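Each chain is listed here by its residues.
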Amino acid sequence: MPIQIHGKEYFTVAERVDMIHKATEGNSLKIETEIVTYEGGLVVIKATVTTESGTFTGHAYEIETASG
């Protein structure tokens, strides 16, 4: 169930992973994650998703003291 952030629906990562598994059922799906940077309390993660439709890459970052 999506949550509301600034008045817009947002699907959690777990929900998006579940959705892609259902959408590609029986087909090729690969999800790779990589820590790009982890220094000075800053963590940058790269995620690469490969399906029969192509390869898609995204980045996210978090500051260790910013949230739980």
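Residues numbered from 1 in each chain as written. Predicted model: local features only at pLDDT ≥ 70, side-chain atom pairs only at ≥ 80, totals over all residues. Heavy atoms only, no water.

Observations regarding the overall build of the protein
Here is step 1: Assigned secondary structure in the protein consists of one helix and five strands.
Here is step 2: The secondary structure elements of the protein, listed N-terminal to C-terminal, are β-β-α-β-β-β.
Here is step 3: Relative to the globule expectation of 11 Å for 68 residues, the C-alpha radius of gyration of the protein, 15 Å, shows a markedly less compact shape.
Here is step 4: Dimensions along the principal axes, computed over C-alpha positions, put the protein at roughly 40 × 30 × 15 Å.
Here is step 5: Here the protein holds 68 residues, and the buried ones make up 10% of them.
Here is step 6: Across the protein, every contact between residues at least 6 apart in sequence was considered, and the portion connecting residues at least 24 apart equals 7%.
Here is step 7: Just so you have it, the protein exposes about 5,600 Å², and 56% of that area is on carbon and sulfur atoms.
Here is step 8: Between the averaged position of the 5 positive side-chain charges in the protein and that of its 10 negative side-chain charges there is a distance of 5 Å. (Helix = DSSP H or I, 4+ residues; strand = E, 2+ residues; numbered from the N terminus. Rg over C-alpha atoms; globule rule 2.2 N^0.38 Å. Buried < 20%, exposed > 50% of the residue type's maximum accessible area, 1.4 Å probe, protein only. Contact = heavy atoms within 4.5 Å. Areas by Shrake-Rupley, 256 points an atom, 1.4 Å probe, with all protein chains shown as cover. Lys, Arg positive; Asp, Glu negative; His and termini not counted. Charge placed at Lys NZ, Arg CZ, Asp CG, Glu CD.)

Focus on the sheet that holds strand 3 (residues 29–39)
Here is step 1: As summarised here, the arrangement of the three strands in space is 3-4-5, forming an open sheet in which the pairing is antiparallel. The sheet is open, and its two edges are formed by strand 3 and strand 5 (54–63), each paired on a single side. Averaged over all pairs of adjacent strands, the angle between strand axes in this sheet comes to 15 degrees, irrespective of strand direction.
Here is step 2: Of the pairings in the sheet, the one linking strand 4 (residues 42–51) to strand 5 comprises 10 bridges and is antiparallel in character. (Pairing = 2+ DSSP bridges. Axes fitted to C-alpha atoms, helices over the stretch in contact; angles between N-to-C directions.)

Here's the deal with a nonpolar patch on the surface
Here is step 1: On the surface, Ile3, Ile5, Tyr10, Val13, Val17 and Ile31 cluster together to form a nonpolar patch covering roughly 470 Å² of accessible area.
Here is step 2: Tracing the backbone through its elements, the reader meets Val13 in helix 1 (residues 13–23). (Patch = residues over 30% accessible without salt bridge, like charges linked within 9 Å, V, L, I, M, F, W, Y side chains within 5 Å. Salt bridge = Lys/Arg side-chain N within 4 Å of Asp/Glu carboxyl O.)

Quick notes on the environment of Val43
Here is step 1: One can find Val43 in strand 4.
Here is step 2: Classification of Val43 by relative accessible area gives buried; the value is 19%.
Here is step 3: Counting along the chain gives 17 residues from Val43 to Ala60, while the straight-line C-alpha distance between them is 8.3 Å.

Describing unusual backbone geometry
Here is step 1: The backbone phi angle of His6 is positive, close to 50 degrees, even though this residue is not glycine.
Here is step 2: Mapped onto the elements, His6 comes out in the loop between strand 1 (3–5) and strand 2 (8–10).
Here is step 3: Judged by relative accessible area, which is 79%, His6 ranks as exposed.

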